[in-house]
Amino acid sequence: MNIKSYRDWFIVGTLALMLLAASPTLATFVHLPSDSAKFSELWLLGPGHKAEDYPFNVRMNVTYSVYVGVGNHLGYSAYYKIDVKFRNQTQSLLDTSNSSPSKLNSTYEFRFFLADGKIWETPLNFSFQGKPSSVRHISVNGIAFPVNLSSQWNQTLSGFYYQLFFELWLFNMTAQRFQYHNRSVGIWLNMTNGA
Amino acid sequence: MSVLRFSLVLTILLVFASQTFVSLTFAQTSEYEATSALADAEGVVVSAYQAALKAEEAGANASGLWTQLNKAGEYLARAHTEFRLGDFERAADFANLGKSIGEEVKNTALALKDSALSESLQRMVPFMIASVVSVALITLGSLWVWHLLKKITATANFRNRIRVVILNEYQILS
């Protein structure tokens, strides 16, 4: 029997044992990259906290509510901003083809920090002042903002249509500023005069 | 008499004009102050966020920091809202509130990071010692086993050789 022919196997076995013994210490220094997807969720729920009964036929001076929420699955605690924007049918919406946000100014905003794996949700109460064809103010969570926005009568859908939408922005550490995170949700609103 | 009346009218006009100019100047100063307060607050909140991230990476429980930072974020958002509405005084007030929370969070995060690092070092030392000792023991043990195996096989080979020689001699004699 020649023991030298088993030398390589013996060295490999010894090294494996050494690696096993050093693994608790190595684990604190070596972090293997996770292959799970990194993303953020943005959602909008109706007043009953469900994906139903969203406000649609809205009247002037009546308060409606929705819930807006965000889920963080980025693998780190993130700093988010939600821009609340209001537009009529002809104004520009975000361009999903090149991941850019709407050029409209935000009416209201939320800023919050969210740990990885956590969710954030808040109610948003809104009402409108003016006429269905011309909205003078939008009140969001009790604060009135002048908008002076008019809409043309939509012949096909029979109504004055406006959209309330939400854009998700994420703070980029490298750029040291908020960047549009390519997530948006919104609801169409048919302004009516009805009592 | 007419000169006196003229001076009186001029004085009244100047008083009214000065009030307009003074209020305009104050409004501009206020907008400038609000802009600078907002920029300051944003800078402080971002540095607090970075400090909280580092504390979290060091292993500290940062949940309290996020709760506090969310309050700062709410104030900042409100400051931006008031700024857009043209209420610069309130914008500056909310920005300052956000800034003071940001400063608090930053200090807490730095302290948490330091304590988390020292705790993790304390936790790591026994592991490191155990690993080093285990690796050393495995190395020495393997060398000893290798030499032992070499010795056993050498003895076995020597015995085999003697057996072969004896067998050969027996065959020659017979």
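The coordinates are above.
First, a word on what this report is: a plain description of the structure on this page. (Residues numbered from 1 in each chain as written. Chains lettered and ligands numbered in written order. Predicted model: local features only at pLDDT ≥ 70, side-chain atom pairs only at ≥ 80, totals over all residues.)

### Observations concerning the overall build of chain A
Phase 1: Along its length, chain A carries one helix and 11 strands.
Phase 2: Secondary structure elements of chain A occur, N-terminal to C-terminal, as α-β-β-β-β-β-β-β-β-β-β-β.
Phase 3: Taking 2.2 N^0.38 as the reference for a compact globule, 195 residues should give roughly 16 Å; the C-alpha atoms of chain A span a radius of gyration of 27 Å, well beyond that estimate.
Phase 4: Dimensions of chain A, computed from C-alpha atoms along their principal axes, come out at roughly 100 × 30 × 30 Å. (Helix = DSSP H or I, 4+ residues; strand = E, 2+ residues; numbered from the N terminus. Rg over C-alpha atoms; globule rule 2.2 N^0.38 Å.)

### What to know about the overall build of chain B
Phase 1: Across its full length, chain B carries three helices and zero strands.
Phase 2: The buried share of chain B, taken over its 174 residues, is 25%.
Phase 3: In chain B, of all internal contacts separated by at least 6 residues, the share reaching a separation of at least 24 is 75%. (Buried ≥ 20, exposed ≤ 12 C-beta atoms within 10 Å, placed from the backbone. Contact = placed C-beta atoms within 7 Å.)

### Here we look at the packing of helix α2 (residues 63–84) of chain B against helix α3 (residues 88–173) of chain B
All names here are of chain B.
Phase 1: Viewed as axis vectors pointing N to C, α2 and α3 meet at an angle of 160 degrees, and their least axial separation amounts to 8 Å. Overall, the two elements α2 and α3 adopt an arrangement that is roughly antiparallel. In the packing of α2 onto α3, the handedness of the crossing is left-handed.
Phase 2: By residue class, the composition of the contact of α2 with α3 is 15 nonpolar, four polar and five charged. (Axes fitted to C-alpha atoms, helices over the stretch in contact; angles between N-to-C directions. Parallel < 35°, antiparallel > 145°, perpendicular 65-115°, else oblique. Left-handed = near helix turned anticlockwise from the far one by under 90°. Nonpolar A, V, L, I, M, F, W, Y, C, P; charged D, E, K, R; others polar.)

### Description of the sheet that holds strand β1 (residues 39–45) of chain A
Residue and element names in this part refer to chain A.
Phase 1: Strands sit in the order β1-β3-β6-β7-β8 across an open sheet of five strands; the sheet is antiparallel. Because the sheet does not close on itself, it has two edges, and the strands there are β1 and β8 (143–150). Sheet twist, expressed as the average angle between the axes of neighbouring strands with direction ignored, equals 25 degrees.
Phase 2: As paired strands, β1 and strand β3 (residues 64–73) are joined by seven bridges and run antiparallel to one another. Bridged to glutamate 41 within β3 is glycine 71. (Pairing = 2+ DSSP bridges.)

### Observations concerning the nonpolar core
Phase 1: Residues Ala48, Ala52, Leu69, Ala79, Ala91 and Ala95 of chain B are the most contacted members of the largest nonpolar core, which totals 44 residues.
Phase 2: Looking at this core, the element that brings in the most residues is helix α1 (residues 2–57) of chain B, giving 12 residues.
Phase 3: Other than its neighbours up to four places away in sequence, alanine 52 of chain B contacts Ala62, Leu65, Trp66, Leu69, Val105 and Ala109 of chain B.
Phase 4: Val58, Val135, Val147 and Leu189 of chain A belong to the second-largest nonpolar core, a separate cluster that totals 12 residues. (Core = buried A, V, L, I, M, F, W, Y, C linked by C-beta atoms within 7 Å.)

### Some remarks on the environment of leucine 149 of chain A
Residues and elements named next belong to chain A.
Phase 1: With respect to the helices and strands, the residue leucine 149 is situated in strand β8.
Phase 2: Classification of leucine 149 by C-beta neighbours within 10 Å gives partly exposed; the count is 18.
Phase 3: Leucine 149 sits 16 residues away from serine 133 along the chain, and the two C-alpha atoms are 8.3 Å apart.
Phase 4: Residues contacting leucine 149, with those up to four places away along its chain left out, are Phe86, Asn88 and Val135.

### Considerations on the packing of helix α1 (residues 7–29) of chain A against α3 of chain B
Phase 1: Look at α1 of chain A against α3 of chain B: their axes get within 8 Å of each other, and the N-to-C directions meet at 175 degrees. Relative to α3 of chain B, α1 of chain A is oriented roughly antiparallel. Here α1 of chain A contributes Phe10, Thr14, Leu17, Met18, Ala21, Ala22, Pro24, Thr25 and Thr28 of chain A to the contact with α3 of chain B, which in turn contributes Met124, Phe127, Met128, Ser131, Ser134, Val135, Ile138, Ser142 and Trp146 of chain B.
Phase 2: Broken down by class, the residue content of the contact of α1 of chain A with α3 of chain B amounts to 12 nonpolar, six polar and no charged.

### Some details on α2 of chain B
Phase 1: Helix length check: α2 of chain B, at 22 residues, gives a terminal C-alpha distance of 32 Å against a target of 32 Å (1.5 Å per residue), a fit within 8%.
Phase 2: In the segment just after α2 of chain B, glycine 86 of chain B is the residue with positive phi, at about 90 degrees. (Expected span 1.5 Å × (residues − 1).)

### Concerning the interface of chain B and chain A
A common way to report how large an interface is uses the accessible area buried once the components associate.
Phase 1: Taken together, the contact between chain B and chain A spans 28 residues of the former and 24 residues of the latter.
Phase 2: Put simply, the parts of the chain that give the side of chain B that touches chain A at least two residues each are α1, α2 and α3 of chain B.
Phase 3: Broken down by element, the side of chain B that touches chain A gets its largest block of residues, 13 residues, from α3 of chain B.
Phase 4: Across the side of chain B that touches chain A, the residue classes break down as 17 nonpolar, nine polar and two charged.

### Side note on the pairing of β8 of chain A
All names here are of chain A.
Phase 1: Alignment of strand β7 (residues 134–140) against β8, held across six bridges, turns out to be antiparallel. Following the sheet pairing, valine 140 is matched in β8 by isoleucine 143.
Phase 2: Here β7 folds back onto β8 in antiparallel fashion, the turn holding two residues, of which asparagine 141 has a positive phi close to 45 degrees.

### Describing the environment of tryptophan 153 of chain A
Phase 1: In this fold, tryptophan 153 of chain A is placed in strand β9 (residues 153–154).
Phase 2: Sequence separation between tryptophan 153 of chain A and asparagine 172 of chain A is 19 residues; the distance between their C-alpha atoms is 41 Å.

### So, the pairing of β7 of chain A
Phase 1: Looking at chain direction, strand β6 (residues 119–131) of chain A and β7 of chain A are connected through six bridges and run antiparallel. Pairing of lysine 131 of chain A across the sheet is with serine 134 of chain A, part of β7 of chain A.

### What about unusual backbone geometry?
Residues and elements named next belong to chain A.
Phase 1: Here the phi dihedral of asparagine 148 falls at roughly 45 degrees; this positive angle occurs in a residue that is not glycine.
Phase 2: Looking at the secondary structure, you find asparagine 148 in strand β8.
Phase 3: Phi is positive for asparagine 182, which is not a glycine, with a value near 60 degrees.
Phase 4: According to the C-beta neighbour criterion, asparagine 182 is partly exposed, with 18 such atoms within 10 Å.

Everything listed here is a matter of geometry and, on its own, says nothing about what the molecule does.
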